[in-house]
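Observations on chain architecture
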Amino acid sequence: LGIGLSGAIDPQSGLIKNCNCLVLNGHDLRHDLMRELGQPVWMANDADCFTLSEAVDGAGAGATTVFGVIIGTGCGGGVAVNQRLLSGPNAIAGEWGHNPLPGYCPERDGPAQPCYCGKENCIESFISGTGFATDYRRLSGHSLKGSEIMQRVGERDPVAELALSRYELRLAKSLAHVVNILDPDVIVLGGGMSNVDRLYQTVPNLLKPWVFGGECETPIRRAAHGDSSGVRGAAWLAADDLAGSS
């Protein structure tokens, strides 16, 4: 049984940490499930599961290093090298969403945004689908879902267009940090905002000035397996674990 969850499993204690479903933090959910079910359970961060799926046989298939991004209700990330997950001693590899938004400016970006992690102005607060809707509300005074905002973009609404252009630049600057540190072969987007077709035309060019040297040919692709990719990756966890122990 493979399970993807928000947050991570602490390598030292086996307890869940960094989960936005706060009630799970500090608990050994994997052990509890194995006890109740009487069978092995593999568990990993949902963005890691997504990344593994796309690296094995998705939009990143054949690439050496894949950076997977989920931009939906929150903002997660994962790293796969040679079709295997990179976790790290703190089990937080790829958690770019809790770095500060590059170039945050209150006059341009609005008041400081608190995050459930305890910090302020995390990337997640601005480039998640939730952050996109929040910025539109700040600009317009109206609350709309992301899909409704995109409909208004199609209708040439100037405020919706402004919100999207601000989102695109924030996403590009945030991904540039990833490229400067990891330089992945491919970046794969998932989550609700990954369905915005325009991102794949605008963000690659917006990203280049923020990458060291001003050049970047890293492809940014939509997830091949859509909303199913995280579940598929969870199913791959056992094979990933067994490959690492062989």
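Here's the deal with the sheet that holds strand 5 (residues 65–71)
- Spatially, the five strands line up as an open sheet ordered 7-6-5-8-9, and their pairing is mixed. Unpaired on one side and paired on the other, strand 7 (84–86) and strand 9 (220–222) mark the two borders of the sheet. Going from strand to strand, the sheet's axes swing by 30 degrees on average, the running direction of each strand aside.
- Pairing analysis gives three bridges linking strand 6 (residues 75–81) to strand 7, with the strands arranged antiparallel. Bridge pairing links Val 81 to Arg 84 in strand 7.
- Helix 7 (residues 158–182) contacts strand 5, strand 6, strand 8 (186–190) and strand 9 of the sheet and is inclined by roughly 150 degrees relative to strand 5.

Observations regarding the environment of Glu 36
- Turning to its location among the elements, Glu 36 is positioned in helix 1 (residues 29–37).
- A residue is classified by how much of its surface remains accessible, and Glu 36, at 59% relative accessible area, is exposed.
- Placed 75 residues apart in sequence, Glu 36 and Pro 111 show a C-alpha to C-alpha distance of 46 Å.

Things to note about unusual backbone geometry
- A positive phi angle is found at Asn 82, which is not glycine, with a value near 55 degrees.
- Phi is positive for Arg 156, close to 65 degrees, though the residue is something other than glycine.
- Considering the arrangement of structural elements, one finds Arg 156 in the loop between helix 6 (146–154) and helix 7.

Quick notes on the layout of surface pockets
- Space inside the largest pocket adds up to approximately 1,000 Å³.
- Lining of the largest pocket is provided by 41 residues; of these, Ala 47, Cys 75, Gly 76, Gly 77 and Glu 95 occupy positions nearest its centre.
- Of all the secondary-structure elements, those providing two or more residues to the lining of the largest pocket are helix 2 (46–57), strand 5, strand 6 and helix 7.
- Grouping the constituent residues of the lining of the largest pocket by class yields 17 nonpolar, 20 polar and four charged.

A look at the state of the cysteines
- Taken as a whole and assessed by the stated rule, the structure comprises zero disulfides.
- Here Cys 75 stays free of any disulfide, with the sulfur of Cys 122 as its closest cysteine sulfur at 9.7 Å.
- Distance from the sulfur of Cys 115, which forms no disulfide, to the nearest cysteine sulfur (Cys 117) is 3.7 Å.
- Classification of Cys 115 by relative accessible area gives buried; the value is 12%.

Some words on the pairing of strand 5
- The element strand 5 is largely enclosed, with a buried count of six among its seven residues.
- In this structure, strand 5 lies alongside strand 6, joined through seven bridges in antiparallel fashion. Note that in strand 6 the partner of Gly 68 across the bridge is Gly 78.
- Connecting strand 5 to the antiparallel partner strand 6 that follows it, the hairpin turn spans three residues.
- Here five bridges tie strand 5 to strand 8, and the two strands are oriented parallel to one another. Paired with Gly 68 across the two strands is Val 188, which belongs to strand 8.

So, the nonpolar core
- Residues Ile 71, Trp 96, Ile 127, Leu 171, Leu 175 and Leu 207 are the most contacted members of the largest nonpolar core, which totals 37 residues.
- Elements that contribute at least two residues to this core include exactly strand 5, strand 6, helix 4 (124–127), helix 5 (129–140), helix 6, helix 7, strand 8 and helix 8 (199–207).
- By size, the runner-up hydrophobic cluster in this structure holds nine residues, among which are Ala 59, Val 66, Ala 80 and Val 186.

The rules we used
Residues numbered from 1 in each chain as written. Predicted model: local features only at pLDDT ≥ 70, side-chain atom pairs only at ≥ 80, totals over all residues. Heavy atoms only, no water. Pairing = 2+ DSSP bridges. Helix = DSSP H or I, 4+ residues; strand = E, 2+ residues; numbered from the N terminus. Axes fitted to C-alpha atoms, helices over the stretch in contact; angles between N-to-C directions. Contact = heavy atoms within 4.5 Å. Buried < 20%, exposed > 50% of the residue type's maximum accessible area, 1.4 Å probe, protein only. 1 Å grid on protein atoms, 1.4 Å probe; cavity = no way out; pocket = protein on both sides within 12 Å on 5 of 7 lines; lining within 4 Å. Points joined across faces, edges and corners; volume = space filled by probe spheres on them. Nonpolar A, V, L, I, M, F, W, Y, C, P; charged D, E, K, R; others polar. Disulfide = S-S within 2.5 Å. Core = buried A, V, L, I, M, F, W, Y, C linked by side-chain atoms within 4.5 Å.

The quantities given are spatial measurements derived from coordinates; they are silent on function.
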